[in-house]
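Residue-level listing of the chains:
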Amino acid sequence: MPLALLALAVGAFGIGTTEFVMMGLLPDVADDLHVSIPAAGHLVSAYALGVVVGAPLLAAVTARLSRRTVLIGLMVLFVAGNALSALAPGHQWLLAARFLSGLPHGAFFGVGAVVATTLVAPERRARSVSLMFLGLTVANIVGVPLATLVGQHLGWRATFLGVSAIGVAAIASLALLIPRDRTRAPEAGLRGELAALRSLPVWLALGTTVAGFGALFAAYSYITPMLTDAAGYAETSVTLLLALFGVGATAGNLLGGRLADHSLRGTLFGGLGALVAVLALFPLLMRTPVTAALAVTLLGTAAFVTGSPLQLMVMEKASAAPSLASSANQAAFNLANAGGAWIGGLALAAGLGTTSPALAGAALAVLGVAVAAVAALLDRRTAPASGRERVVAGHVPQEPEVLHR
């Protein structure tokens, strides 16, 4: 695998750290800025809104630029957003800075995934995407706990200054390692990128992302009360258990990338099916501390097995202009975050029990299987007359040569 993937992973690590660290710093931020915890929680929503808005917008307006230039520019915006977060004088300013920090998130992963596939041989495309996403999953194991610890001891502003430093390192890595001749501007331009979103297969792939990861966040958003109220863990143990989720997510991401290079559709259905099973078993697994820890790990594994297959599928459905569709998939991921949490909250509010969000998530995962099945049926009906079944519609255009390092 080329070293350029390391540069993408460094950027993904910084983005993953800043996205999730706010959850652990909410009490500190609320106390320092003299706002309530719910008001501080809007900082999480502001970041997610920035991702949803920025993913398609920035991918569209940069459609005629070199992808290398776009990636570096997005990380410059990322550094600026986090530096402004550290310097924010009040709650409203911090909200604006968090929104700004979220803007480059989706476009970076979207454009980065396209670049990753051009750096390797065709049979390793899914694996290359999973290695870029490795930075995001490792952030949940190392970056978020470390950044939270820094914030608790040195102040939350020090955390965002540290994340800005990671962004600077990512900029240097991108400038040094991303080859210029593999990241030229796509020929399709803005009109071609927008045309890609008119395709029904693209929307079915995006719908699978929303349903599949909505299933994850329906349960994960309420994992703390499940672990404390149902499994009997002390609140001080939750951080370690969430690290187990990160370990599972990392393993699932790497496994999904390897398997998807052999069978993209099979890996997707296998991951979604495993997610249905894990979430359906949550009420049983949450009865003892040992099985609860296993459940958290398996949840991360099952959910992230589908990560790189879904990303690659969206790109291949929009094979003529994959950058915008790829970025839109990251917006879909964040819509899944918000929607899944809302649906899980409805189950709790209805008095269905502490573990009911997991069952709501299982239902969403079943919906994801159904949407993926419709997409597979559509692919089969539009397959070439030879009868050879297509896994996906089209392919990601490869550069004339493959870069090996």
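Counting restarts for each chain: residues are numbered from 1 in the order of the written sequence. This being a predicted model, a pLDDT of at least 70 is required before a residue's local features are given, and a value of 80 or more before pairs of side-chain atoms are given or counted; all residues contribute to the totals for chains, interfaces and linings. Hydrogens and water molecules were not included; the side-chain quantities draw on all heavy atoms of the structure.

(A) View of the overall build of the chain. Helix and strand assignments follow DSSP, with helices taken as H or I runs no shorter than four residues and strands as E runs no shorter than two, numbered in order from the N terminus. Secondary structure summary: the chain contains 15 helices and zero strands in total. Taking all 405 residues of the chain together, the buried fraction comes to 57%. Here a residue-residue contact requires only that any non-hydrogen atoms of the pair lie within 4.5 Å. Within the chain, counting contacts between residues at least 6 apart in sequence, those at least 24 apart form 84% of the total. All accessibility values rest on the Shrake-Rupley procedure with a 1.4 Å probe; residue burial counts only the protein chains present in the view. Per element, the accessible surface of the chain, about 16000 Å² overall, is 69% carbon and sulfur. For the exposure calls, accessible area comes from a 1.4 Å probe over protein chains only, and a residue counts as buried if that area is under 20% of its type's maximum, exposed if over 50%, partly exposed in between.

(B) Representation of the side chain of Arg68 within the structure. In this fold, Arg68 is placed in helix 3 (residues 67-87). Taking relative accessible area as the criterion, Arg68 reaches 9% and is therefore assigned buried. From its side chain, Arg68 meets the backbone oxygen of Ile178 in a polar contact 3.0 Å long. Two N or O atoms form a polar contact when they lie within 3.5 Å of each other; inside protein one atom must be a possible hydrogen donor and the other a possible acceptor, and for residues adjacent in sequence the pair counts only when both atoms belong to side chains.

(C) Structural context of the confidence of the model for the chain. Per-residue confidence from the predictor is reported as pLDDT, a score between 0 and 100. Across the chain, the average pLDDT comes to 84, with 89% of residues at 70 or higher. Every residue in residues 385-405 scores below 50 in pLDDT, and together they form 56 contacts with partners more than four places removed in sequence or on other chains.

(D) How the structure looks around the packing of aromatic side chains. Any pair of Phe, Tyr and Trp rings, taking the six-membered ring for Trp, is counted once the centres come within 6.5 Å. Such a pair is stacked with planes under 30 degrees apart, edge-to-face with planes over 60 apart, and tilted for the rest. Enumeration over the complete set of coordinates arrives at eight aromatic pairs. Residues Phe109 and Phe133 carry aromatic rings whose centres are separated by 5.5 Å and whose planes lie at 45° to one another, so their mutual orientation is tilted. Highlighted residues: Phe109 in helix 4 (residues 91-118) and Phe133 in helix 5 (residues 125-154), separated in sequence by 24 residues. Taken individually, Phe109 and Phe133 each receive the classification buried, so the pair is uniform in this respect. Of the aromatic side chains, those joined through ring pairs into one cluster are Phe213, Phe217, Tyr220, Phe245, Phe304 and Phe333.

(E) Fine view of the packing of helix 1 (residues 4-33) against helix 4. For helices, the fitted line uses only the C-alpha atoms of the stretch in contact; every axis is such a line through C-alpha atoms, and the angle between N-to-C directions lies from 0 to 180 degrees. Between helix 1 and helix 4, whose axes approach to 10 Å, the crossing angle comes to 160°. It follows that helix 1 is roughly antiparallel to helix 4 by the angle criterion. With respect to the hand of their crossing, helix 1 and helix 4 are arranged in left-handed fashion. Residues Leu5, Leu8, Gly11, Ala12, Ile15, Thr18, Glu19, Met22, Val29 and Leu33 of helix 1 touch helix 4, and the partners they reach there are His91, Leu94, Arg98, His105, Phe108, Phe109, Gly112 and Ala116. For this classification, the nonpolar set comprises Ala, Val, Leu, Ile, Met, Phe, Trp, Tyr, Cys and Pro, the charged set comprises Asp, Glu, Lys and Arg, and every other residue, Gly included, is treated as polar. Residues that form the contact of helix 1 with helix 4 fall into these classes: 11 nonpolar, five polar and two charged. For classification purposes, angles smaller than 35 degrees are called roughly parallel, those larger than 145 roughly antiparallel, those between 65 and 115 roughly perpendicular, and all remaining angles oblique. Should the near helix be turned anticlockwise from the far one by less than a right angle, the crossing is termed left-handed; should it be turned clockwise, right-handed.

(F) A look at the side chain of Ser128. Of note, Ser128 is situated in helix 5. Judged by its relative accessible area of 0%, Ser128 is buried.

(G) Up close: unusual backbone geometry. With phi around 60°, His34 is a residue other than glycine that occupies positive phi space. Here His34 lies in the loop between helix 1 and helix 2 (37-61).

(H) Quick peek at the environment of Val35. Counting through the fold element by element, Val35 comes out in the loop between helix 1 and helix 2. In the structure, Val35 is positioned 55 residues away from Gly90 in sequence and 9.8 Å away in space, judged by C-alpha atoms. Not counting chain neighbours up to four residues away, the residues in contact with Val35 comprise Ala30, Ala40 and His91.

(I) Highlighting the packing of helix 11 (residues 264-285) against helix 13 (residues 307-317). Two elements in contact, helix 11 and helix 13, have axes separated by 10 Å at closest approach and are oriented at 135°. As summarised for this structure, helix 11 and helix 13 are arranged oblique, according to the angle between their axes. Considering how the two elements wind past one another, helix 11 and helix 13 form a crossing that is left-handed. Across the interface between the two elements, Leu264, Arg265, Thr267 and Leu268 of helix 11 pack against Pro309, Leu310, Leu312, Met313, Glu316 and Lys317 of helix 13. The class makeup of the residues in the contact of helix 11 with helix 13 is six nonpolar, one polar and three charged.

(J) Spotlight on the pattern of salt bridges. Counted as salt bridges are all cases of a side-chain nitrogen of Lys or Arg within 4 Å of a carboxyl oxygen of Asp or Glu. What the rule picks out here adds up to three salt bridges. When the shortest N-O distance is used, the salt bridge between Asp261 and Arg127 registers 3.4 Å. With Asp261 in the loop between helix 10 (238-260) and helix 11 and Arg127 in helix 5, the pair connects residues that are 134 residues apart, well separated along the chain. By the burial criterion, Asp261 is buried, and Arg127 matches it. In this structure, the salt-bridge partner of Arg265 is Asp379, at a minimum N-O distance of 2.3 Å. With Arg265 in helix 11 and Asp379 in helix 15 (residues 356-381), this pair connects stretches of sequence that are 114 residues apart.

(K) Region of the structure containing the nonpolar core. Within the largest apolar cluster, 98 residues are counted, with the highest numbers of intra-cluster contacts made by Leu8, Leu174, Leu216, Phe282 and Met286. A per-element tally of this core places helix 8 (residues 200-220) first, with 10 residues. Leaving out residues up to four positions away in the same chain, Leu174 has contacts with Ala7, Leu8, Arg68, Leu71, Ile72, Met75 and Phe108. By nonpolar core we mean a set of buried residues, namely Ala, Val, Leu, Ile, Met, Phe, Trp, Tyr and Cys, connected to one another through side-chain atoms within 4.5 Å. The next biggest cluster of nonpolar side chains, apart from the first, holds 17 residues, and it includes Leu43, Ala46, Ala147 and Trp156.

(L) Looking closely at a nonpolar patch on the surface. Residues Leu49, Val53, Leu57 and Val61 make up a contiguous nonpolar surface patch of roughly 350 Å² in combined accessible area. Structurally, Val53 can be placed in helix 2. Looking at Val53, the relative accessible area reads 33%, which means it is partly exposed. Any residue with relative accessible area above 30% and no salt bridge may belong to a patch, with like charges joined within 9 Å and the nonpolar Val, Leu, Ile, Met, Phe, Trp and Tyr side chains within 5 Å.

(M) Representation of the environment of Gly307. Secondary-structure assignment places Gly307 in helix 13. In this structure Gly307 comes out as buried when scored by relative accessible area, which is 13%. In sequence terms Gly307 and Leu268 are 39 residues apart; their C-alpha atoms lie 8.6 Å from each other.

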